[in-house]
Amino acid sequence: MESKLMGVIEEQVAVQFTGKVNVLASFNRQFLGHLLFKQGEVIQVKFNGHQGLKAFYQLIIQEHSLQAFDYVVEPELVDEKERQIHYPFAVIKNKMAEVLKQYRESLKVRPPDNVKILIDSEFIDDTLPVTPEEYDVLQTLTEWNNTHDIYQHCQLMDHEITWALVSLRKKGALKIVAPK
């Protein structure tokens with residue numbers, strides 16, 4: 001399935017576009033985010049409260065999950081200080097296929113949105129090493145314990161959060177509280 005977004009981006013890259021591509025929900029035209037281009041390079045993406053590459057990949061994943069978006073191209077001046085993405089589009093495009101594959105695999109083990117996940121206090125005293133991704137998830141768990149909130153507020157990609165949760169669960173770091 002060819003992505004509608006990828007077609008829009010490739011067109012803007014080909015014409016060395018400078019400006020903004022707004023992302024709108026198809027069913028009600030609500031503004032969800034934007035992509036900024038400077039001379040045909042994607043330099044910033046904001047989508048559903050996320051920024052940078054995470055926002056870009058979240059947008060691709062949601063479009064791949066059959067959510068419909070409309071894209072509105074608006075030429076405008078874009079300052080270089082807006083840049084958050086420093087990769088050429090070819091690199092981002094190649095990484096996208098890998099991200100989609102990892103996302104599909106992680107869906108098989110993703111916890112339901114309505115469970116609570118707590119840090120097991122005994123794990124804090126343990127000397128098991130944690131990866132940077134696990135640390136980010138543990139840090140998010142100090143403020144949020146609902147699965148939906150963890151995915152919303154952690155800066156990692158969804159599949160990275162899922163794999164970190166699976167790994168932490170195997171290490172005995174988490175307590176799962178089922179909904180009533």
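Residue numbers restart at each chain and count upward from 1, following the sequence in its written direction. Per-residue local features are limited, in this predicted model, to residues with pLDDT of at least 70; the limit for side-chain atom pairs, both in listing and counting, is 80 or more; totals at the level of whole chains, interfaces and linings are taken over all residues. Hydrogens are left out, water is left out, and the side-chain values use all remaining heavy atoms of the structure.

Undergrad: Any chance you could explain unusual backbone geometry here in plain terms?
TA: Across residues other than glycine, the phi torsion is negative in most instances, and most of the peptide bonds are trans. Positive phi, normally seen in glycine, also occurs at R29, with a value near 60°. Secondary structure elements follow DSSP: runs of H or I no shorter than four residues count as helices, runs of E no shorter than two count as strands, and numbering proceeds from the N terminus. With respect to the helices, strands and loops of the structure, R29 is situated in the loop between β1 (19-25) and β2 (31-38). Relative accessibility decides the category of a residue: with a 1.4 Å probe and only protein chains considered, values under 20% of the type maximum give buried, values over 50% give exposed, and everything between is partly exposed. For R29, a relative accessible area of 47% puts it in the partly exposed group. Of note in the backbone geometry, Q39 takes a positive phi value of approximately 50° without being a glycine. Along the chain, Q39 turns up in the loop between β2 and β3 (41-47).

Undergrad: Whenever I open this one, the pattern of salt bridges confuses me. Can you help?
TA: Two side chains bearing opposite charge may form a pair once their charged atoms approach each other closely. The term salt bridge refers to a pairing of a side-chain nitrogen on Lys or Arg with a carboxyl oxygen on Asp or Glu at a separation within 4 Å. As enumerated under the stated definition, the model contains 9 salt bridges in all. Between D113 and R110 there is a salt bridge, and its shortest N-O distance comes to 3.7 Å. Judged by its relative accessible area of 37%, D113 is partly exposed. Given the relative accessible area of 24%, R110 is considered partly exposed. Between D158 and R110 there is a salt bridge, with the nearest N and O atoms lying 3.5 Å from each other. With D158 in helix α7 (residues 158-170) and R110 in the loop between α3 (89-106) and β6 (116-119), this pair connects stretches of sequence that are 48 residues apart. Relative accessible area serves as the criterion here: at 11%, D158 is assigned to the buried category. One salt-bridge network, held together by shared partners, links K4, R29 and D70.

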